[in-house]
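These are the residues of each chain, in order.
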Amino acid sequence: MSAALLRRGLELLAASEAPRDPPGQAKPRGAPVKRPRKTKAIQAQKLRNSAKGKVPKSALDEYRKRECKDHLRVNLKFLTRTRSTVAESVSQQILRQNRGRKACDRPVAKTKKKKAEGTVFTEEDFQKFQQEYFGS
């Protein structure tokens, strides 16, 4: 919503909340309602300060507002000043939640490599089986 529409809405709201005359003293309905005029000086001042209702902003302030702030040092100072100790499980949970929810933020789970399973049978067992089965 533009600033002009917002101002107009506030003016209408203020006019509707204004104290009304008692019901016995009604104004004639066809009479035009006079609104106070704004002086030309005020309108010229507004036009000089802004282009279509936009106030010029400082480039330095805009940069500071959009600049990412690193709160790590302040947070570490605060945490080191506190004397209470936290359980290891709680601190690990906080670290896990702070890492992020994307797959690229999650650490790779280490999988244990399975050892190559050797056979239970020996070479002699295979030879014995071969002689019994094939008969050679």
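Please read all numbers here as calculations on a predicted model, not as lab measurements.

Helix and strand counts for the protein chain stand at six helices and zero strands. Sequence-ordered secondary structure for the protein chain, helices as α and strands as β, is α-α-α-α-α-α. For the protein chain, with 136 residues in total, the buried portion stands at 1%. Carbon and sulfur atoms make up 57% of the accessible area of the protein chain, which totals about 15100 Å².

This paragraph deals with the packing of aromatic side chains. Summed over the entire model, instances satisfying the criterion amount to three aromatic pairs. One aromatic cluster is present, formed by F129, Y133 and F134 through successive ring pairs.

Attention shifts here to the pattern of salt bridges. Taken as a whole and judged by the stated rule, the model has three salt bridges. Ionic pairing is found between R8 and E11, a salt bridge with its closest N-O pair at 3.7 Å. Taken together, the positions of R8 and E11, both in helix α1 (residues 3–17) and three residues apart, correspond to about one turn of that helix. Accessibility expressed as a relative area gives 34% for R8, which makes it partly exposed. For the salt bridge of K65 with E62, the shortest nitrogen-to-oxygen distance reads 3.7 Å. Taken together, the positions of K65 and E62, both in helix α3 (residues 59–66) and three residues apart, correspond to about one turn of that helix. A relative accessible area of 56% places K65 in the exposed class. Residue E62 is classed as buried on the basis of its relative accessible area of 18%. Each of E62, K65 and R66 takes part in salt bridges that share partners, so that together they form one network.

Nonpolar side chains collect at one region of the surface, where L72, L76, F78 and L79 lie side by side and expose about 430 Å² of accessible area between them. As for its placement among the helices and strands, L79 is situated in helix α4 (residues 72–81).

Predicted confidence across the protein chain gives a mean pLDDT of 76, with 72% of residues reaching 70 or more. At the low end of the mean pLDDT range in the protein chain sits helix α2 (residues 40–49), at 66; at the high end sits helix α6 (residues 123–134), at 90.

Cut-offs and rules
Residues numbered from 1 in each chain as written. Predicted model: local features only at pLDDT ≥ 70, side-chain atom pairs only at ≥ 80, totals over all residues. Heavy atoms only, no water. Helix = DSSP H or I, 4+ residues; strand = E, 2+ residues; numbered from the N terminus. Buried < 20%, exposed > 50% of the residue type's maximum accessible area, 1.4 Å probe, protein only. Areas by Shrake-Rupley, 256 points an atom, 1.4 Å probe, with all protein chains shown as cover. Phe/Tyr/Trp six-rings, centres within 6.5 Å; stacked < 30°, edge-to-face > 60°. Salt bridge = Lys/Arg side-chain N within 4 Å of Asp/Glu carboxyl O. Patch = residues over 30% accessible without salt bridge, like charges linked within 9 Å, V, L, I, M, F, W, Y side chains within 5 Å. pLDDT = per-residue confidence, 0-100.

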